[in-house]
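# Understanding the architecture of this molecule
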Amino acid sequence: MSVTVGYLQAYAEKTKWKPTLGSKEFAKKALLETSWADGLRGIAAVYVMFSHLTMAFARYIVRPADGEMGPQQWRQTPILRLVGQGQAWVACFIILSGFVNSLKAIKLVRQGNVEAALSNLAVSSFRRSFRLFLPATAATIISWFICQFGAYETARQSDAYWLYITSPQPSYSWGTAIEDLIRAARNTWLFNPDNVYDQPQWALLYLLEGSMVCFTALLATANLTTRWRLLTFTGCWFWSWNWGIRIGDPMVCPDIFLGIMLAELNHSEIPLALSQFSPLFAPPMVIASLVLMSFPSEFHTWAPWCKFLLEWFYKLSPTNAELSRFWPTIGAQLLILTCVLSPHLRRALSHKYLLWLGKISFPLYLLHGSFMRSLLSWMLFARSKLVEMEERNGDQTYIVMRYPLPGYTTFFIAMPIFFGALFAAAHYWANKVEPHFGVITRSAEDLMFKKRERPAVLPVRQERPD
């Protein structure tokens with residue numbers, strides 16, 4: 001990387017090239033800020049919601065074409081089809097988790113304050129567990145409660161695929177309902193079984209796992225020099241592609257280690273040295289990353305661009321990584337690398353509306369499924385009647401009664417109401433509900449860490465005089 005920076009600087013001096021966008025002062029200011037991560041997190045949360053809407057009402061977008069080497073609709077083309085690529089945006093969540101969780105610790109380590117970094121890691125790892133567990137449990141309870149009153153029945157009987165496969169039936173009795181609630185809350189933090197009342201919570205276990213991997217890796221390398229720490233993380237990044245196959249892990253460790261390395265890069269001089277070239281390299285890198293993120297989870301031979309990436313997968317993939325997540329993961333990593341290097345992209349992602357999306361991103365992620373299965377389903381299918389439909393399960397075909405999908409007019413009327421109610425609820429959650437979780441976390445921290453009796457930073461051991 002340093003060779004590349006030196007070459008570009010020499011080229012700029014020789015040709016007297018001057019950037020047309022921004023200045024050195026602009027770049028320094030933009031590179032000091034990390035709020036862009038919130039903006040990107042907000043975009044990722046919105047696209048995860050769109051992916052579930054796509055799975056419910058426009059499943060053809062999931063396919064890269066209509067049949068093997070068949071015609072391609074405009075919504076199925078790369079980048080535009082990102083509305084159906086939920087796994088790519090979950091990868092962005094995990095990378096940003098590794099990046100944000102390691103920023104402060106790496107800064108302290110680079111300053112030589114290892115004791116403060118270790119103290120920060122201990123407290124951060126504790127808080128992270130509560131910040132994931134408490135909101136997820138609250139969202140599960142809300143979804144469970146409205147399910148018991150039949151709020152999901154319309155969605156369960158609809159012809160919207162993602163809605164009917166994620167909408168549970170009410171429990172047979174309140175005693176059984178309590179057991180189902182406990183089982184669902186537990187399943188969020190177990191491998192394989194899903195939380196039946198809020199299926200999108202499957203990713204929270206991997207976010208928690210990634211955070212713990214991040215904290216452990218930083219703890220183990222805190223006393224290394226920057227160069228050896230980077231070499232260690234690079235080796236772990238390559239090695240971790242194999243872990244995903246062995247433990248059924250959806251590319252968490254490669255994303256986390258890449259996030260840590262990007263935090264190291266963020267604290268280096270490289271982004272500032274490359275800042276004047278940002279208008280040149282950032283656009284093609286962003287386009288390339290979005291194309292890679294568009295790689296489908298199935299039907300890999302149905303479009304020429306998919307076949308091209310499939311061939312390169314077999315040539316490049318370390319230890320034959322999981323195909324459906326390999327290119328989306330690489331694309332997400334390239335996208336966030338570009339954000340770290342480009343002050344212009346950072347400034348764009350720090351827009352106030354994107355920062356607001358980032359603030360409500362976690363509530364939006366937790367609530368959108370329940371709103372889709374209740375409010376949206378009621379509005380879309382309120383005037384529909386059950387009709388007979390054929391469904392296939394393997395070689396078997398059987399008849400079911402379902403509500404057919406409504407016309408475009410109904411969608412145009414219902415969707416603005418749905419989005420307005422959902423974003424209002426997410427905003428309320430972020431401002432009124434989330435602070436209560438913070439109070440609980442601080443109380444638990446005071447109790448378990450005896451915070452009032454210890455300093456915020458671990459004291460340096462004093463040598464006894466002879």
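Residues numbered from 1 in each chain as written. Predicted model: local features only at pLDDT ≥ 70, side-chain atom pairs only at ≥ 80, totals over all residues. Heavy atoms only, no water.

## Comments concerning the UniProt feature "transmembrane region" (unreviewed entry) in the protein
Within the UniProt annotation, "transmembrane region" (unreviewed entry) is assigned to residues 42–62, 82–100, 132–152, 203–224, 323–341, 353–371 and 411–430. Measuring from the first to the last C-alpha atom of residues 42–62 gives 22 Å, for a span that is 76% helix and 0% strand. Taken end to end, residues 323–341 has its terminal C-alpha atoms 28 Å apart, with 100% of it in helix and 0% in strand. (UniProt positions renumbered as here; feature names shortened; annotations may be inferred. Helix = DSSP H or I, 4+ residues; strand = E, 2+ residues; numbered from the N terminus.)

## A word on the side chain of E264
With respect to the secondary-structure elements, E264 resides in helix 11 (residues 252–266). Accessibility expressed as a relative area gives 1% for E264, which makes it buried. Separated by 3.1 Å, the side chains of E264 and R110 make a polar contact. E264 has contacts with I106, R110, T226, R229 and L230, leaving out every residue within four places of it along the chain. (Buried < 20%, exposed > 50% of the residue type's maximum accessible area, 1.4 Å probe, protein only. Polar contact = N/O pair within 3.5 Å; in protein donor to acceptor, adjacent residues only side chain to side chain. Contact = heavy atoms within 4.5 Å.)

## So, the nonpolar core
In this structure, W36, F57, L163 and I260 are the most contacted members of the largest nonpolar core, which totals 107 residues. Per-element accounting of this core gives the leading share, 13 residues, to helix 4 (residues 86–110). Not counting chain neighbours up to four residues away, the residues in contact with W36 comprise L96, F99, I336, C339, V340, R346, L349 and S350. Within the second largest apolar cluster, eight residues are counted, among which are W144, A177, L181 and Y197. (Core = buried A, V, L, I, M, F, W, Y, C linked by side-chain atoms within 4.5 Å.)

## A few points about helix 18 (residues 361–381)
Relative to the 30 Å expected for 21 residues at 1.5 Å per residue, helix 18 spans 28 Å between its end C-alpha atoms, a close match to the ideal helical length. The largest bend along helix 18 reaches roughly 45° and is located at F371. The buried fraction of helix 18 amounts to 16 of the 21 residues, a majority that puts the element mostly inside the structure. (Expected span 1.5 Å × (residues − 1). Bend = angle between axes of the 7 residues up to and from the residue.)

## A word on the environment of S51
Locating S51 in the fold gives a position in helix 3 (residues 36–57). Between the C-alpha atoms of S51 and W89, which are 38 residues apart in sequence, the distance is 9.4 Å. Those residues in contact with S51 that lie beyond four places of it in its chain are V83, G84, Q85 and G86.

## Observations concerning the packing of aromatic side chains
Any pair of aromatic rings gets described here by the distance separating the centres and the angle formed by the planes. Under the counting rule described, the total for this entry stands at 29 aromatic pairs. Ring geometry for Y47 against W89: centres 4.5 Å apart, planes inclined by 25°, an arrangement best described as stacked. Separated by 42 residues along the polypeptide, Y47 in helix 3 and W89 in helix 4 bring together distant segments of the chain. Ring centres of F418 and F419 lie 5.3 Å apart, and the angle between their planes is 50°; on these two criteria the pair is classed as tilted. The rings of Y47, F50, W89, W356, F418, F419 and F423 are connected pair by pair, giving a single aromatic cluster. Seen from the ring of Y161, R59 lies directly overhead, with NZ or CZ sitting 3.8 Å from the centre. (Phe/Tyr/Trp six-rings, centres within 6.5 Å; stacked < 30°, edge-to-face > 60°. Lys NZ or Arg CZ within 6 Å of the ring centre and 35° of its normal.)

## A short note on the pattern of salt bridges
Applying the stated criterion across every chain, the model contains eight salt bridges. In this structure, R183 engages D180 in a salt bridge whose closest nitrogen and oxygen atoms are separated by 2.8 Å. Linking R183 with D180, this pair stays in helix 8 (residues 174–187), spanning three residues, or about one helical turn. Take R183: its relative accessible area is 38%, and that puts it in the partly exposed class. Taking the shortest distance from any N to any O, the salt bridge between E264 and R229 comes out at 2.4 Å. With E264 in helix 11 and R229 in helix 10 (residues 226–247), the pair connects residues that are 35 residues apart, well separated along the chain. Here the two residues E264 and R229 agree in accessibility, since each one is buried. Within this structure, R110, R229 and E264 form a network of salt bridges that share partners. (Salt bridge = Lys/Arg side-chain N within 4 Å of Asp/Glu carboxyl O.)

## Regarding unusual backbone geometry
You will see that I79, though not glycine, has its phi angle at about 75°, which is positive. Inspection of the secondary structure puts I79 in the loop between helix 3 and helix 4. Unusually for a residue other than glycine, F299 sits at a positive phi of about 60°. Structurally, F299 is set in the loop between helix 13 (278–293) and helix 14 (304–316). Relative accessible area serves as the criterion here: at 29%, F299 is assigned to the partly exposed category.

## Some points on helix 8
For helix 8, spanning 14 residues, the distance from its first C-alpha to its last is 20 Å, which sits close to the expected 20 Å at 1.5 Å a residue. Of the residues making up helix 8, those classed as buried are A177, D180, L181, A184 and N187. Down the axis of helix 8, the sector holding all buried residues measures 135°, keeping them to one side. Turning to helix 8, the residues buried within the fold contact helix 5 (114–148). (Arc of directions from axis to C-beta.)

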